[in-house]
Amino acid sequence: MRALFSVSDKNGVVDFARSLVDLGWEIIATGGTRKLLEDNGIKTTNISDVTGFPEICDGRVKTLHPKVHGGLLGRRDIPDHMRQLKDNGIETIEMVCVNLYPFEATIAKPDCTLEDAVEHIDIGGPSMLRSAAKNFNDVTVVCDPADYAQIIDEIRADGNTKLATRMQLSAKAYTHTALYDSHIATYMRQQAGLPEKLFLSFDLVQSLRYGENPHQQAKFYKEAETGTYSVAGARQLQGKELSYNNIQDANAALEIVSEFSEPFCVGLKHMNPCGAAIGTDVLDSWNRAYEADKVSIFGGIVAFNREVNEATALALKPIFLEIVMAPSFTPEALEVLSKKKNLRVLVIDMSAPRVKRPKYTGVTGGLLVQDADIECLEITDSMCVTEKKPTAQELIDLNFGWKIVKHVKSNAIVVVKDGQTLGVGAGQMNRVGSAGIALEEAKAKGFTEGLVLASDGFLPFDDTVEQASNYGVAAIVQPGGSIRDEDSIKKANEKGISMLFTGMRHFKH
């Protein structure tokens, strides 16, 4: 039995090869892999001794030879194949252990040139993997060090790997080469200015019980690198499996949490914040977020940007919640929350700012791709377009409201005061309707003066300003850009309201 080794990822390869030798296998190896094995006392056969041909073109050509691919592709159950191999002096190869040049890591380097990238395009490796994978009935193909142990166990037990295992390894090999080729194709198309193809790869996290509704099937996939503020990279400490809607809501909450550096808490339902607040500490932020909307939070999820302590856990315990998320939990907090068996508790990496990544949205027969909306301008006095200027506290609230409204479904209006949401108007077909919802919520809570209103898009008419003045709004932040901006400015001046234009909108559909 012969195994051909040629690996870039050398983790565990020495022990794997040694185990095969101990089981009576012959090891054929190339270049650096052969040197590593020989340096560790493992006898190998040089690939050139198999092919009868030296490595040429700086190693670009070393395994592209009939004595390699004939030995892999020849079917053992077809006598004519075996005769042809024998007539041409070709011996069979029963295993390929190959992983590929690190192309993706190479192009990720800031100083990578096109020449560097091209030199890290593996040719022989994918060819060997595909040949071995095609002939999985007779050949074991190995591209992942995580499979070494199972392979050795099966050979030790039965003299060879199981057919079912070889088929699974074949599928993994084709996945490995497909992903590898997609990285190369994406890079080379970028270099050539060809944007009309998009290659995506996601790994299955779990099959979900159902999608948005019980009659819809669903699965949850993640990118290879999830980054921070990602539910795909979360560590679940307790509770039932996440549902499709849980994942959507959790993602929306984490996007809001990522906006804040001070102690902050948000309660969320149906991908819209129902209560959000900054506080002096984690408990204060929860108390203020809960007070913002005690009704809507029922059955919702809560996200913090600080460690949850025992006092905060005790405050959460009486409320029916689906999920609680935070960067960490004290042991005492976990002890309290463990009493709520169905509550999902997630630890989220919040160690670094969010990085701009593509955002994918499916449409029937297609896919929309855009950058994630992670920019959020700081609201300053210089943005004021009215005679009345905002106070220092109003400026703080203008910034707070602007960070919240960008995460509310359009048309979106948020009313805030003292770092706390008082009213949220989401997803209405006209902006004045959203404003009415948010302002009525604030009024119902007893807040009728010194309010700040944030709008995700421009105010198309002065009616929202008129409306806001009747509910005690003192300052408004909006993108501006309407052909009737002057009407809104005039109305704000008439009502003694300060209004600031950001020049940036935050639609969320």
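Above: the structure in question.
Asks: Would you mind showing me how to read the sheet that holds strand β1 (residues 2–6) here?
Replies: Two strands in a sheet stick together by hydrogen bonds in their backbones, pointing the same way (parallel) or opposite ways (antiparallel). The parallel open sheet is built from five strands, whose spatial order is β3-β2-β1-β4-β5. Each edge of the sheet is formed by a strand with only one pairing partner; in this case those strands are β3 (45–46) and β5 (140–142). Pairing geometry for β1 and strand β4 (residues 95–98), over four bridges, is parallel. Within β4, the residue paired with Ser6 across the bridge is Val98. Packing against the sheet, helix α2 (residues 31–39) makes contact with β1, β2 (26–29) and β3, and its axis sits at approximately 135° to β2.

Asks: Could you clarify how one ought to interpret the packing of helix α1 (residues 13–22) against helix α9 (residues 148–158) in this entry?
Replies: A pair of packed helices can be characterised by two numbers: the angle between their axes and the separation between those axes. Where α1 contacts α9, the axes come no closer than 10 Å and their chain directions differ by 10°. Taken together, the axes of α1 and α9 lie roughly parallel to each other. Between α1 and α9, the contacting residues are Val13, Phe16, Ser19 and Leu20 on the first element and Tyr148, Ile151, Ile152, Ile155 and Arg156 on the second. Class assignment for the residues of the contact of α1 with α9 results in seven nonpolar, one polar and one charged.

Asks: Is there a simple way to think about the packing of aromatic side chains in this case?
Replies: The relation between two aromatic rings is expressed through the spacing of the ring centres and the mutual angle of the planes. Scanning the model with the defined rule gives nine aromatic pairs in all. Between Phe5 and Phe16, the aromatic rings sit 5.7 Å apart at their centres with planes inclined by 40°, giving tilted as the arrangement. Residue Phe5 is located in strand β1, and its partner Phe16 is located in helix α1; the two are separated by eleven residues in the primary sequence. Phe5 sits in the buried class, given a relative accessible area of 0%. You can call Phe16 buried: its relative accessible area is 2%. Taking 4.2 Å as the distance between ring centres and 0° as the angle between the ring planes, the aromatic pair formed by Phe16 and Tyr148 counts as stacked. Of this pair, Phe16 sits in helix α1 while Tyr148 sits in helix α9, placing them 132 residues apart in sequence.

Asks: Help me understand the pattern of salt bridges, please; the structure alone is not making it clear to me.
Replies: Working definition: two side chains of opposite charge can pair if their charged atoms are close together. One pass over the full model with this rule turns up 24 salt bridges. Linking Arg83 and Asp80 is a salt bridge whose minimum nitrogen-to-oxygen distance equals 2.6 Å. Highlighted residues: Arg83 and Asp80, both in helix α5 (residues 79–87), separated by three residues, approximately one helical turn. Taking the relative accessible area as the measure of exposure, Asp80 reaches 36% and is therefore partly exposed. As a salt-bridge pair, Glu322 and Arg344 come within 2.6 Å of each other at their nearest N and O atoms. Of this pair, Glu322 sits in strand β12 (residues 321–326) while Arg344 is found in strand β13 (residues 344–347), placing the two residues 22 residues apart along the sequence. Looking at Arg344, the relative accessible area reads 2%, which means it is buried. Connected through shared salt-bridge partners, Glu466, Lys491, Glu494 and Lys495 make up one network.

The rules we used
- Residues numbered from 1 in each chain as written.
- Predicted model: local features only at pLDDT ≥ 70, side-chain atom pairs only at ≥ 80, totals over all residues.
- Heavy atoms only, no water.
- Pairing = 2+ DSSP bridges.
- Helix = DSSP H or I, 4+ residues; strand = E, 2+ residues; numbered from the N terminus.
- Contact = heavy atoms within 4.5 Å.
- Axes fitted to C-alpha atoms, helices over the stretch in contact; angles between N-to-C directions.
- Parallel < 35°, antiparallel > 145°, perpendicular 65-115°, else oblique.
- Nonpolar A, V, L, I, M, F, W, Y, C, P; charged D, E, K, R; others polar.
- Phe/Tyr/Trp six-rings, centres within 6.5 Å; stacked < 30°, edge-to-face > 60°.
- Buried < 20%, exposed > 50% of the residue type's maximum accessible area, 1.4 Å probe, protein only.
- Salt bridge = Lys/Arg side-chain N within 4 Å of Asp/Glu carboxyl O.

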